[in-house]
Structure formats: C-alpha cells, structure tokens
Amino acid sequence: MTSKINDEDFPSLFENEAVASSLPAHKWKVLIVDTDAQVHQSTVLALANIPVLGRTIQFLHAYSTKQAIEFLQAESDVAVILLDVVKEGEDAGLELAMSIRQDLSLRDLRIILRSAQPGYTPALDTIRDYDINDYKTSSGFARDGLYATLTSALRSYAQIHALSVGRRGLDQIIKASSRMMTHPNMHDFAAAIINEIAGLLGLSPEGFVCAREKVSAGSQIRIIAAAGRFARCIDQPLVDLRKPALIALLTRALDERRNLANDNASVLFFFGKSGTELAAYFETGRPLDEINRRLLDVFGTNIAIILDNVELFDQLHEQAYRDPLLNIPNRLAFMHAVGNALTAQPLTTTVALVDIDHFSHLNDALGYRYGDTLLKAVALLLIGKLPEGTLIARMAPDTFGVLGDVQTITPQTLLPLFRDPFVAEGTEQRLSVTIGLTRLSEVDGNASDAIKSAIVALNLAKHHRRGEGVYFTRSMEIEARARMRLLRELRAAFDQQRLFVEYQPQFCLKTQRLIGVEALLRWRNDEGRSIPPDQFIPLAESSGLIVALGKWVLRTACHDLQRLVSDGPAEVGGLHMSVNVSVVQFRHPGFLDSVDEILSESRINPRQLELEITESVAMLDANFMLATLNQIKARGIAIAIDDFGTGFSSLSYLERLNVDRLKIDQSFVNQMMLSNSSLRIVETVVQLGHSLQLQVTAEGVEQQVQADLLERIGCHAGQGYLFARSMPFDQLRALLAAPPLKKLAAGKKG
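Model, not experiment: these values are computed from the prediction.

Asks: Tell me about the pairing of strand β23 (residues 661-664), and please be specific about residues and values.
Replies: Burial along β23 is two-sided: Arg661 and Lys663 facing one way and Leu662 and Ile664 facing the other are all buried. As paired elements, strand β22 (residues 638-644) and β23 share three bridges and run parallel to each other. In the strand pairing of β23, Ile641 is matched with Leu662. By the bridge criterion, four bridges tie β23 to strand β24 (residues 695-698) in an arrangement that is parallel. Paired with Lys663 across the strands is Thr697, a residue of β24.

And the structure:
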C-alpha cells in the first residue's frame, strides 16, 4: 500500500521567492516574438545584464509565429514570451497564444502581449480564453515598466513552475511506489530504488543500494543492488570499493539515519520496522535543487512504507521456502531450484535424495530431541563436505535433497561421508543412508517429474539395496507406473467389494486337531487372476490404504468367527481366529477404538481373537509397544509375533512383551531338512518359546517329515499345505462340520 501524497508535503515550496534558485536554468529564458528587429534590439538594450530575481536574462528571438513555435518546441524551459499582437496578421498573436496552451501544452510559460498601436486592447474574455498573463502598449516598453512587468511574470513563472515540477514529481513517486510493490523480494526492491530515483531526477541509473548486515564480528555494509558502472559490485562489501569519501558518506548516512548529499552525489536512507537499514547512493553530477531534495524526502518516506511490506514478504518467503529446524531450503525451494536447473543446465546436474536408514527407530528409542540433533549434524556435514554451489534441502523428516554437478553428486562421493560416527548429546551414533539419484538429462518433464524419478530410485534402493545408492532408469519408471496402476486397481477393488478373506487352518501337531485359523486377505482382479499378497500388501501399506483394509479384514474375520461359533459344533468354541496387523495399522491413533468397535458389534469372545504382529512392529518404541500390547491383552486378546527369526529382536525385550505365541517363518521350515543352520534356528525358537511359556506355530509345513520333526523338537502347532490350503468361509464351515478323521484326511490331500 502506498501513502497518500499531496501539496501539503511541500508547504514552503510555493511560498518563498527563493524557489527561483531551484529552477534548472542559470538564466531566465525570455522569447521575443516580433517582426520588427528594432523592437528586439531595444528590449535587449533595456534589460541587458540586469538581474531579475537573482538571475540575468537570456533573450531568444523569433520574427514569426512559425519561428516562435519552432523555438518553443526546442526550448522547453522558456519562462516568458513577449508577443506582438498584430504585425504579422490581425489574429496572429492570439493564434500563437492558443497554440502555446493547447498544442504545445506549455502551461507554466507566461505570455505578455505587446502592441505599439495606440488604442488596441484585447477584450477581457480574449485574455481569459487565451490564458494571457499581461498586456502592454508602447508606454510599457520603457525600461522601468518592462523591468517591473518581467519581474512579476518571472516570479509567477517560478512559483507555477515549482508547483508543476512538484506535482509531476509527486505523480512519479506514486507511480514508482505502485511499480515497486511488484518487487516483493529485497534484492529486486533495492534494484528498483535505483531506477526509480533516476527517473524521478531525470538521471541515468548510476548508483547502488547497500544494507547494513550483522556478521560474527559485528556488522558490515554490503552492496545488494547496483547499476551503471557499479553493476559489477553487487554482493560485495562496501569497503571493497576503495573510495574513502564515498564510503564515509554512506557510513555517515547509515549511522545518522538520514539523507546526505555533496556536490556530485546524494545518499537516501531507508529503514524498516524489523531493523533493515538501507542506503541508496546515486550520482547527480551537480547539487540537487530544493524541489528535488524535497521530492526525495517524500520518495524516501513512501518507500520506507513499502520496505516494511518487503520485509514482511521476506519473512513469509523464509517460512515458505526454508526448513525451520535445520535452517536450510525445504522441499518447495528445492523443487524451484530443480526447475531452474532443468532449464539452465540439465546436462550437468544430478538430483539425489539421501534417506537416513531406520531413523524413525532412533526417534522412537532415543527421543525426538536426540533425532533433531542428529539431523542438524547431517545437514552441517553435507553443507561442509559437498562442493560450493551444491544445494542441500530437507525433503522429508529424514530425507535430504542434494542438487549439484553430475561429477560430484554420486554414490561414491555421498556414501563415504557417513563412515564416521556422528556425535549427538555427547554420544557417538553411526548412521547409514540409502540414496536415490536421477540425472536431469534423463528427465522428460518438469521439476516434479525429476523428483519423482529420484523417489522411485530411492524406494527401489530401500527395498532391495539398503545402504547403497541407485540411479533412476527407464525400467524403474515402467515398474513404478505398474505399481501405481496396481494401486489404483486395488483401491477400486476395495471400493467395489471385490476383495475377500480366506482362512488357513492351524493344527495341533501332537493331536492333529484343528485349533485355529488365520484370516488371509485375497484379491482376484477383473480378469480372474489372483494377485499375490506380497505384491499388493506393501502397496496398501505405503499408501495408507492398509488401515481401511485391515479394519475390514478384522471385522470380516470376527463376524465369520461368530457365525462359526453360533452354527458349528461345541469344539469350535475353543477355536482361535488369527488376524494380521501391519505396522501402519498398529501405529494408527484409532486402532484400539476400531478393535473395541468390532468386538462390540460381532459379540465374539475376545479370548478367541489373536492379533499377529511382525517382528518389526514388535521392535517399535518400547514404551509405546508395552503400553499398547498391555491394553490389547487387557481386552483378553492374544498376541502372536509373525515371521519370528527374520528380524533382530532383543531377547530381554521379548521377555518384557506380553505376547502369547511365536510363529516360525516358513523360510526356516522349508530349509530345516537341508540346512543345519536353519534347523538350529527352528530349534532355538521352539526352546525360546518353551522357556518363555509361549506357544510356537510353524508356518509353511508342506511335508509329513517336516511335521514329524517339528513335533519331535517340541513345536506346538503348524499350518501349511500339508494340512490345508487357505479356503473360503463356506469351505471352512464344511470342514468343521466333518468328523475329525475326515478333517485331517482332507487337509493332507490339500
């Protein structure tokens, strides 16, 4: 918003005769228009070398109206015209007066009509309509009369001219303020100051704007915008100019917080509410007159208001484009920089996403303050070790974006930076990173496409080459599109209720009796093809869809269990229903509420429900896990740890967890007949279960010899193709209704 400016800003400018000294010319220009050369000569002789209002007169001569117009077109600062009325024609003088006002738009020029013919006096309405300022007959040609007439006319011209200059200047300031509002950042704003001052004073842009900024040793004055011969000095300290007088003038203006000037230059001081101090230096080549000095004062006041807006915008820009924790560019700033690089230098630039491995586990185990300290250390490492000109940004809570030269931003240069441990809160912490990279030369699209390509490479590396760096390739793009298409189809299948649940029986290895079932989510697409769970479950987890899917599976399984209990034989009352819970579900704040809701509406006995969590879920933040598991157990629900042996569980931590069952991963069961190490793992898990008084179930049992060995070493239960494949609910209900021997035989056939 610009401030309102009016004539009151110049109260003394139009009241003091000293305004004459403010006018640009050193002499008064007076144009004599007369066909008689003797009139020209006598007028000059009458006033030769006689000062009027402190200045001598420079006479200009025209002998026709045409010549007069040519003079006025060439000489813009003529103050007075002494105009003959009739000698060139009866209306020639009046027509010239009209042309001066209407065609040439010379409103400041004073017009004095003269006539040597006695008795000729123009009518009052003629004087008014033609804006004629005075009329003199031959009696007014005398020296004293001519002096008095010119003095009055020149005084009037000086005041009117000053008013016109002031108004034009004010109008320029208002327009300049509007233009400067379109430069919301500080550097563009400072550059606009130079151009607008030059336009206001009618000078060529020759100067600079500097700012006082804080540094470790105190403060320094730095040039932030420049034009003309100073253009090369942008972003240099003022002292580097090596011009003592100029430096002294600017320093004094900043210290005294006011405008200063000398014979050849001026300094305009600005300050903002948040403490920004600017000084604009511009060369004038001459001392500024009173009018221009006052215009600059008003300009400075108006620009100070805009400066406050610029400072506010800079603060908002800072918040929008910088990460508040690490004080480095954020994702939005990084995307803009990638866009610029795509336009300017795509052949030589690489985008890298550096992801800290298992950082969420560190946060969970050691606290967010410790994690923040590590993030700051990583940011400082990247900034300090990578070449100057490399952009470092925070793209996600534990992911950094790096934009730089293809020769230096590589896995070979980035990965070694993390070999040494970091120090956080007095302790050493080793970190590993996984990196996704893309060369901008291989990107077809915009900045968003470039970053997506790096994300695709990063995700591939995290799933298959953790701790390494992977470059984006076209084949990855094809795979990523296939995954996105699969995710869209999965969402559609869920919305259209085309997903279903099957149940895989679990048998006691000793008695061969059916003791439970595991609910398994299944998907058959429109073409009738079954999509393996290991393809769509990770997609559901990464997209967040697993929360809704998991709730639906749990609800379906509990309602089916209730139907089995209501319709089946008495032995079904001891059957337990196992349902898998992903890490995303488990951490969702509404998880326990969902469990309570489903228990209430299905009316099952909570002791028949068993929730299976993976070992990675079990290794979440200890306090969170213990509190959540205890709340689940308080409801009577059992807990099983699925795929046990594939992770890195602490045995002491496992002992603290309130779980009921360990499930041996099928990979160990499949290999235990062939590999002693796999057999030892199975035996260890079984012994651990016994020592902790936990049930142990083996997955993937496909051969009788496996079942016999598992029973012999003390494993309680098994599930797999040897006993039964997963089956729809109706088939499960039929299995439960059959005699026990028939059930087992049916299972072995599967």
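Text resumes after the structure shown.
Asks: Tell me about the sheet that holds strand β12 (residues 391-396), and please be specific about residues and values.
Replies: The strand order across the open sheet formed by five strands is β12-β13-β11-β16-β17, and the pairing between neighbours is mixed. With partners counted over all chains shown, the strands left at the sheet margins are β12 and β17 (469-471), one partner each. Averaged over all neighbouring strand pairs, the angle between strand axes comes to 20°, with direction disregarded. Alignment of strand β11 (residues 349-356) against strand β16 (residues 433-439), held across seven bridges, turns out to be antiparallel. Its bridge partner lying in β16, Ile356 is registered against Val433.

Asks: Explain the packing of aromatic side chains to me, and be specific about the residues and the numbers.
Replies: With the rule as written, the count across this model stands at nine aromatic pairs. Pairing Trp523 with Phe536 gives two aromatic rings, centres 5.6 Å apart and planes at 85°, and the pair type is edge-to-face. On the criterion of sequence distance, the pair formed by Trp523 in strand β19 (residues 514-523) and Phe536 in helix α15 (residues 533-543) is long-range, its members being 13 residues apart. In this pair, the class of Trp523 matches that of Phe536, namely buried. One Lys or Arg, Arg725, reaches over the ring of Tyr721 and ends 4.0 Å from the middle of that ring.

Asks: An account of the pattern of salt bridges is needed here, citing residue identities and associated values.
Replies: Enumeration over the complete set of coordinates arrives at 25 salt bridges. Here Arg522 ties to Glu502 by a salt bridge, and the two come within 3.7 Å at their closest N and O atoms. Of this pair, Arg522 sits in strand β19 while Glu502 is found in strand β18 (residues 499-508), placing the two residues 20 residues apart along the sequence. With a relative accessible area of 21%, Arg522 lands in the partly exposed category. Several salt bridges converge on common partners, so that one network encompasses Glu518, Glu612, Lys663 and Glu699.

Asks: Go over the sheet that holds β19 with me, naming the residues and quoting the values.
Replies: Spatially, the eight strands close up into a barrel ordered β18-β19-β20-β21-β22-β23-β24-β25, and their pairing is mixed. For β18 and strand β25 (residues 717-718), the ladder comprises two bridges, and the chain directions are antiparallel. Its bridge partner lying in β25, Cys508 is registered against Ala717. Docked against the sheet, helix α14 (residues 474-495) engages β18 and β19, running at close to 120° with respect to β19.

Criteria and thresholds
Residues numbered from 1 in each chain as written. Predicted model: local features only at pLDDT ≥ 70, side-chain atom pairs only at ≥ 80, totals over all residues. Heavy atoms only, no water. Buried < 20%, exposed > 50% of the residue type's maximum accessible area, 1.4 Å probe, protein only. Helix = DSSP H or I, 4+ residues; strand = E, 2+ residues; numbered from the N terminus. Pairing = 2+ DSSP bridges. Axes fitted to C-alpha atoms, helices over the stretch in contact; angles between N-to-C directions. Phe/Tyr/Trp six-rings, centres within 6.5 Å; stacked < 30°, edge-to-face > 60°. Lys NZ or Arg CZ within 6 Å of the ring centre and 35° of its normal. Salt bridge = Lys/Arg side-chain N within 4 Å of Asp/Glu carboxyl O. Contact = heavy atoms within 4.5 Å.

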